[in-house]
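# Per-entry structural report
Here is what each chain is made of, one letter per residue.
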Amino acid sequence: MVTITPTSSLAGDVLLFEVPAPRDEKWIAQLQERYPGLEIRWHTSELTMMPKPLPDEVYDGVTLLVGFMPHPAEKLPKVRYVQLMSAGADRWITNDLYKNPNVTFCTANGTHAPQIAEWVIGTWLMANHQFLSYAEQQKKATWNRQPSLHIEDSPGLRMGILGYGAIGRHCARLGQGLGMQVYAYTRSEKATPEARKDDSYVVPGTGDPDGLIPAKWYHGSSKESINEFLAQDLDLLVISLPLTDATKYIISKEQFDILAKKKTFVSNIARGQHINTDDLIEALKEGKIRGAALDVADPEPLTDGHPLWSAPNVFITPHVSWQTPHLFQRIRAVVERNLEGLGGQKPTLINVMNKTHGY
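Everything numeric in this text was worked out from a predicted model, so none of it was measured.

### A closer look at the packing of aromatic side chains
As enumerated under the stated definition, the model contains twelve aromatic pairs in all. Between Tyr98 and Phe105, the aromatic rings sit 5.2 Å apart at their centres with planes inclined by 70°, giving edge-to-face as the arrangement. Judged by relative accessible area, which is 5%, Tyr98 ranks as buried. We classify Phe105 as buried; its relative accessible area is 1%.

### Quick look at the side chain of Glu340
With respect to the secondary-structure elements, Glu340 resides in helix H10 (residues 327–343). If near-sequence neighbours (up to four positions away) are discounted, Glu340 is found in contact with Arg34, Tyr35, Gln345 and Lys346.

### Overview of the sheet that holds strand E9 (residues 236–239)
The strand order across the open sheet formed by seven strands is E8-E7-E6-E9-E10-E11-E12, and the pairing between neighbours is parallel. Lying at the two open borders of the sheet, with one neighbouring strand each, are strand E8 (216–219) and strand E12 (314–316). Averaged over neighbouring strand pairs, the angle between their axes works out to 15° when direction is ignored. The pairing of strand E6 (residues 158–162) with E9 spans four bridges and is parallel. Among the inter-strand pairings, Met159 is bridged to a residue of E9, identified as Leu236.

### Brief notes about helix H9 (residues 277–285)
For H9, the full list of buried residues reads Thr277, Asp279, Leu280, Ile281, Ala283 and Leu284. Its buried side turned inward, H9 meets helix H8 (253–259), strand E11 (291–294) and E12. N-cap assignment for H9: the residue whose side-chain oxygen lies 3.1 Å from the backbone N of Asp278 is Asn276. Once H9 ends, the next one or two residues include Gly287, with phi positive near 75°.

### A look at the packing of helix H4 (residues 113–128) against helix H6 (residues 166–177)
Where H4 meets H6, the axes come as close as 8 Å, and the angle between the chain directions of the two elements is 50°. By the angle between their directions, the pair H4 and H6 is classed as oblique. Judged by the sense of rotation from one axis to the other, the crossing of H4 with H6 is right-handed. On H6, the residues that touch Ala113, Pro114, Ile116, Ala117, Glu118, Val120 and Ile121 of H4 are Ala166, Ile167, His170, Cys171, Leu174 and Gly175.

### A few points about the UniProt feature "domain: D-isomer specific 2-hydroxyacid dehydrogenase NAD-binding" (unreviewed entry) in the chain
Sequence positions flagged by UniProt for "domain: D-isomer specific 2-hydroxyacid dehydrogenase NAD-binding" (unreviewed entry) are, in local numbering, residues 123–195 and 221–321. Taken end to end, residues 123–195 comprises 37% helix and 15% strand; its first and last C-alpha atoms sit 31 Å apart. Helix makes up 24% of residues 221–321 and strand 15%, with an end-to-end C-alpha separation of 27 Å.

Conventions adopted
Residues numbered from 1 in each chain as written. Predicted model: local features only at pLDDT ≥ 70, side-chain atom pairs only at ≥ 80, totals over all residues. Heavy atoms only, no water. Phe/Tyr/Trp six-rings, centres within 6.5 Å; stacked < 30°, edge-to-face > 60°. Buried < 20%, exposed > 50% of the residue type's maximum accessible area, 1.4 Å probe, protein only. Helix = DSSP H or I, 4+ residues; strand = E, 2+ residues; numbered from the N terminus. Contact = heavy atoms within 4.5 Å. Pairing = 2+ DSSP bridges. Axes fitted to C-alpha atoms, helices over the stretch in contact; angles between N-to-C directions. Polar contact = N/O pair within 3.5 Å; in protein donor to acceptor, adjacent residues only side chain to side chain. Parallel < 35°, antiparallel > 145°, perpendicular 65-115°, else oblique. Left-handed = near helix turned anticlockwise from the far one by under 90°. UniProt positions renumbered as here; feature names shortened; annotations may be inferred.

Next comes the structure, spelled out in structure tokens:
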């Protein structure tokens, strides 16, 4: 039996869950037992890019918010803590709550890492082993080894991870398991062992929390520093950056020309606007890159009949790499840890955003 130590330090707070999950009465009861006087409201939302504002009575008095998409700041004048369900906050950066220095934003960084990294590695293996070609052949009920297909395994190949956060770190772990060499790129320099550690939420047994996997580290925010990283003969480029003004269209014609030297395979699981779509289509058609796996697109949703659908050697999914039945359980763990911080049981919060950098 778990002993719950009550604390009244959140008494008077109103916690609103606006989440695409059914109300969890058992968990709510546990939280209210632990934090007497904490009012909890729960609104089960649809997973949509255009959410509807909630009734005023739902917003009234809310001080703590857990959700995905932005809400009208004028409806939430008392909010002091926002817990996002996403790893990125690009949809919030123009919201007045985000701009308010007195409101702490925390991401769900780390909760998506296992499933997204598996998508990256799964699509990489699918491309390298030509699974789609053989799947098409199976439909014809024909046995043919297709000797003209190029098939390659991963030991000794190089994975470059553009954005070495939680998702990138688990990609590195899986890539290392395949025998790949990993190069990491971060905005700020990670020159010491301590600087290379990651203090965000991590699913046990995953990731690279101590930053020990990369053979080389690169850093910077300039185009020149990005280009230097891309020029390192990468076999697989994983784009796992947050979307900010500085990272928008960070991969365009100039960068594809650099990647053409090694015919890099490009995997984007971050945001579609990291890549210039027209330049990507050109790179695929001209064979500058060996292929691309995209879980995001620009525009998103990718319109019916868009030329990207029919570009050669591209695999596209509709922003689903984050999906797993375990996601909300992991987000719950982040919420519980941060309530401990807000309630005084822990000295700090986790996954706190740097609003200036946008992640």
